[in-house]
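What follows is each chain in one-letter form.
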Amino acid sequence: MEDEGMGSDVEVKEEESWAPEFDDDYLREVEKELTEEEKETRRQDSLALKEKGNSQFKAGEWSEAEHSYTEALVLSPVCYSRERAVLFSNRAAARLHLDLKDQAIADCSRAIELNPDYIRAILRRAELYEKTEKLDEALDDYKMVLDKDPGQQTARQACMRLPQQIHERNEKLKEEMMSKLKDLGNMFLRPFGLSTNNFQVNQDTDTGSYSVNFVQNPNNNNR
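Everything quoted here is computed from the prediction, not taken from an experiment.

(A) The pattern of salt bridges, seen in detail. According to the stated counting rule, one finds 14 salt bridges in the structure shown. Residues Arg43 and Glu83 are paired through a salt bridge, measuring 2.5 Å at the closest nitrogen-oxygen approach. In this pair, Arg43 sits in helix H2 (residues 36-58) while Glu83 sits in helix H4 (residues 81-97), placing the two residues 40 residues apart along the sequence. On the basis of relative accessible area, Glu83 is assigned to the buried category, the value being 10%. The salt bridge partner of Arg169 is Asp136, with a shortest N-O separation of 2.8 Å. Placement of Arg169 in helix H8 (residues 153-189) and of Asp136 in helix H7 (residues 135-148) is noted, with a sequence separation of 33 residues between them.

Written out as structure tokens, the structure is:
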């Protein structure tokens, strides 16, 4: 895990589903009442919790690591945005192991908001998007990684692999949609003794436009 780097009076909103539980605006208001020494104390306590979470993560204690990172986020002053970005990214890794993929994606997004150049968080979110079959979003993130680091091989390979996967997925979805439309059309045409086979769709190779022709006896066309 990365090593980059508010007490009892700080509210942490109860999580509903995977909605963000930290209200940064509220936390900033709270921190206005803190001295620099108090902020530094909280920062050091947060860093200690992060190290604890890292050790738990390495030991495969995913739930405990997630809890430690959350506690660290509670303490970490919002002015230390890069350190908070690391905590969100680390918690995302723990949540991935807990099969909390949507929450992990949300954590990566928070990390990227705090540090837009945080390549590890962008790459982690891309991999999570791919695991949840959000291929378009994954490709966008991989491209973002390459923009920031053209030598990143994982992102480069993904940018070569995903376009074909996206095309195949879209073609499959199109086939499924056409099949459903055909079934629906047959349901309406059946009372009239017709079916979608009575309507021949042709595409103009020059313009790409379609024309529909009525076929009286479709079963005779191949004779």
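(B) The arrangement of the confidence of the model for the protein chain in detail. In this model, the protein chain carries a mean pLDDT of 84, and residues with pLDDT of at least 70 account for 80%. In the model, residues 5-19 has pLDDT below 50 throughout and makes 35 contacts with residues more than four positions away in sequence or in other chains.

(C) Expanded view of the packing of H4 against helix H6 (residues 119-131). Running from amino to carboxyl end, H4 crosses H6 at an angle of 25°, the nearest separation of the two axes being 10 Å. By the criterion of interaxial angle, the relationship of H4 to H6 is roughly parallel. Both H4 and H6 take part in a crossing whose hand is left-handed. Where H4 abuts H6, its residues Ser89, Asn90, Ala92, Ala93 and Leu96 lie against Ala121, Arg124, Leu128 and Lys131.

(D) Local environment of unusual backbone geometry. Of note, the phi angle at Asp99 is positive, near 65°, even though the residue is not glycine. The topology assignment puts Asp99 in the loop between H4 and helix H5 (101-114). Its relative accessible area of 52% is what places Asp99 among the exposed residues. A positive phi angle is found at Glu133, which is not glycine, with a value near 65°.

(E) Up close: the packing of aromatic side chains. Under the defined criterion, the tally for this structure stands at one aromatic pair. Consider the rings of Phe57 and Trp62, whose centres lie 5.0 Å apart with planes at 70°: the pair is edge-to-face. Accessibility expressed as a relative area gives 14% for Phe57, which makes it buried. According to the relative accessible area criterion, Trp62 is partly exposed, its value standing at 24%. When the ring centre of Tyr80 is taken as reference, the NZ or CZ atom of Arg43 above it lies at 4.8 Å.

Cut-offs and rules
- Residues numbered from 1 in each chain as written.
- Predicted model: local features only at pLDDT ≥ 70, side-chain atom pairs only at ≥ 80, totals over all residues.
- Heavy atoms only, no water.
- Salt bridge = Lys/Arg side-chain N within 4 Å of Asp/Glu carboxyl O.
- Helix = DSSP H or I, 4+ residues; strand = E, 2+ residues; numbered from the N terminus.
- Buried < 20%, exposed > 50% of the residue type's maximum accessible area, 1.4 Å probe, protein only.
- pLDDT = per-residue confidence, 0-100.
- Contact = heavy atoms within 4.5 Å.
- Axes fitted to C-alpha atoms, helices over the stretch in contact; angles between N-to-C directions.
- Parallel < 35°, antiparallel > 145°, perpendicular 65-115°, else oblique.
- Left-handed = near helix turned anticlockwise from the far one by under 90°.
- Phe/Tyr/Trp six-rings, centres within 6.5 Å; stacked < 30°, edge-to-face > 60°.
- Lys NZ or Arg CZ within 6 Å of the ring centre and 35° of its normal.

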